[in-house]
Amino acid sequence: HGAYDAAVQHFTTALDLKPGLMHALVSRGCCHLTLGDAERAQRDFAEVITKDAGFNRNIYVLIALSLKRLGDYHKAIRYLTRCLAQFPAFRPALIARGELCLKVREFEKARVDFRQVLNSTPGDIVARRGLADALRGLGHFRESLRHYTRAVEDASRVLQSLERTGSEASDDLNRTLSAHSEATEDEPAMPRGDAGRSQDFGGAAGREGFASEGGDRDFDASSLRRSDEAHGGRDLDASPDSAALREALGALGDPE
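Residues numbered from 1 in each chain as written. Predicted model: local features only at pLDDT ≥ 70, side-chain atom pairs only at ≥ 80, totals over all residues. Heavy atoms only, no water.

### What about the overall build of the protein chain?
To be explicit about the condition: Strands here are runs of E lasting at least two residues and helices are runs of H or I lasting at least four, both read from the DSSP assignment and numbered beginning at the N terminus. Note on definitions: a residue-residue contact is assigned when non-hydrogen atoms from the two residues lie within 4.5 Å. Method for areas: the Shrake-Rupley scheme with a 1.4 Å probe, in which residue coverage is limited to the protein chains shown.
From N to C terminus, the protein chain includes 11 helices and zero strands. Secondary structure elements of the protein chain, listed N to C terminal, follow the sequence α-α-α-α-α-α-α-α-α-α-α. For the protein chain, long-range pairs separated by at least 24 residues make up 53% of all intrachain contacts whose partners lie at least 6 apart in sequence. Here the protein chain displays about 14,700 Å² of accessible surface, and carbon together with sulfur accounts for 52% of that area.

### Section: a nonpolar patch on the surface
Note the following rule: In this scheme, patches are assembled from residues that exceed 30% relative accessible area and form no salt bridge. Like charges are connected within 9 Å, while nonpolar side chains (Val, Leu, Ile, Met, Phe, Trp, Tyr) are connected within 5 Å. Each salt bridge in this description consists of a side-chain nitrogen of Lys or Arg and a carboxyl oxygen of Asp or Glu lying within 4 Å of one another. Think of it in three bands: with a 1.4 Å probe and only protein chains considered, a residue is buried below 20% of the maximum accessible area for its type, exposed above 50%, and partly exposed in between.
Where nonpolar side chains cluster on the molecular surface, the patch consists of Val158, Leu159 and Leu162 and spans about 290 Å² of accessible area. Counting through the fold element by element, valine 158 comes out in helix α9 (residues 141–185). Among the residues examined, valine 158 registers a relative accessible area of 43% and is labelled partly exposed.

### Overview of helix α4 (residues 58–69)
Test applied: Between the first and last residue of a helix there are one fewer steps than residues, each counted as 1.5 Å, and that sum is the expected span.
Along its 12 residues, α4 runs 17 Å from first to last C-alpha, staying within 8% of the 16 Å computed at 1.5 Å per residue. Buried residues of α4: Asn58, Ile59, Tyr60, Val61, Leu62, Ile63, Ala64, Leu65, Ser66, Leu67 and Lys68, and no others. One or two positions beyond α4, positive phi appears at glycine 71, with a value near 85°.

### So, the packing of helix α7 (residues 107–120) against helix α8 (residues 125–137)
What counts, and what does not: Every axis in this analysis is a line fitted to C-alpha atoms, fitted for helices over the stretch in contact. Angles between the N-to-C directions lie between 0 and 180 degrees. Throughout, the term roughly parallel applies to angles under 35 degrees, roughly antiparallel to angles over 145, roughly perpendicular to angles from 65 to 115, and oblique to all others. We call a crossing left-handed when the near helix sits turned anticlockwise from the far one by less than a right angle, and right-handed when that turn is clockwise. By the convention adopted, Pro, Cys, Tyr, Trp, Phe, Met, Ile, Leu, Val and Ala count as nonpolar, Lys, Arg, Asp and Glu as charged, and the other residues, Gly among them, as polar.
Put simply, α7 and α8 touch, their axes get as near as 8 Å, and they point 155° apart. Classified by the interaxial angle, the pair formed by α7 and α8 is roughly antiparallel. Here α7 runs over α8; the crossing is left-handed. Here α7 contributes Phe107, Ala110, Arg111, Phe114, Arg115, Val117 and Leu118 to the contact with α8, which in turn contributes Ala127, Arg128, Gly130, Leu131, Ala134, Leu135 and Gly137. Taken together, the residues that form the contact of α7 with α8 break down as nine nonpolar, two polar and three charged.

### Here we look at unusual backbone geometry
Glycine aside, the phi torsion of most residues is negative, and most peptide linkages are trans. The residue arginine 105 is not glycine, and still its phi comes out positive at about 65°. For arginine 105, a relative accessible area of 62% gives the class exposed.

### Points about the confidence of the model for the protein chain
Stated precisely, the cut-off is as follows: Predictor confidence is given residue by residue as pLDDT, running from a minimum of 0 to a maximum of 100.
With 66% of its residues at a pLDDT of 70 or more, the protein chain has an overall mean of 76. Across the protein chain, element-level confidence peaks in α7 with a mean pLDDT of 98 and bottoms out in helix α10 (residues 192–217) with 33. Confidence over residues 186–244 falls short of pLDDT 50; this stretch has 66 contacts with residues more than four positions distant or in other chains.

### Looking at the pattern of salt bridges
Enumeration according to the criterion identifies 13 salt bridges in this entry. The residue arginine 129 makes a salt bridge to glutamate 99 at a minimum N-O spacing of 2.3 Å. Here glutamate 99 lies in helix α6 (residues 91–103) and arginine 129 lies in helix α8, a separation of 30 residues in the sequence. By relative accessible area, arginine 129 is classed as partly exposed at 27%. For aspartate 154, the salt bridge is made with arginine 150, and the minimal N-O distance between the two is 3.2 Å. You can see aspartate 154 and its partner arginine 150 sitting in helix α9, four residues apart, about one turn around the helix.

### Here we look at the state of the cysteines
Note the cut-off: Defined by distance alone, a disulfide is two cysteine sulfur atoms within 2.5 Å.
Across all of its chains, the model carries zero disulfides by this definition. Cysteine 30 forms no disulfide, and the closest cysteine sulfur to it belongs to cysteine 31, at a distance of 7.1 Å. For cysteine 30, a relative accessible area of 0% gives the class buried.

### Topic: the packing of α6 against α8
Two elements in contact, α6 and α8, have axes whose closest approach is 10 Å; the angle formed by their N-to-C orientations is 25°. Judged on the interaxial angle alone, α8 and α6 are roughly parallel. Seen along the crossing, α6 lies across α8 with a hand that is left-handed. Across the interface between the two elements, Arg91, Ile95, Glu99 and Leu102 from α6 touch Val126, Ala127, Arg129, Gly130, Asp133 and Ala134 from α8. Of the residues assigned to the contact of α6 with α8, the class counts are five nonpolar, one polar and four charged.

Shown next, in the form of structure tokens:
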């Protein structure tokens, strides 16, 4: 937790110097969420939405997760409804609102959200399972069973596809290693000095690559990119905030 605590202090200092800095609020909120402080997280996300309701559509999903952890499901649903008023086809918000509606036993509203996702993406397993849950809650057991069966079949196809892809990748790797082995058998031995320099260069390059990759993962307001202008929002992209978002979406979709 030390790195996240330090990050919170970093962004708090930035906000002291420039109150209302949106990127700092988003990043600090993600830190709070990661540390389990849902109350502070939702306050930061709420401030972002208050200042600019269209700043980033993902903020609504993050504040919904924060409120879910605080047990305030209805308020979380209201925020997601505000999000969908601006971005009607935003799948994560539809899925999240559907899951929360299931928790408060608003099965018809959940059915509508999951059905909307499936209308555009029939193979969405999460939405298919959610629709089955909603139909079961409404007492439509036969139709519910049909969608559960479809979800299982779709999941099985995905697993089989992944297994085939993994097998093909393994075969490609073995062929590459075999070709490399055959090629190196005919090569003259490299002088030790050259080998040492080659290894040092490779090691340095590897360390540089690792440091760069690590830098991309650091909490930094500059890592918040405005990349989704087609829908009018600015998504969190290739940053630790994206990881926090992925965790948020997963948590909203998991049964308790």
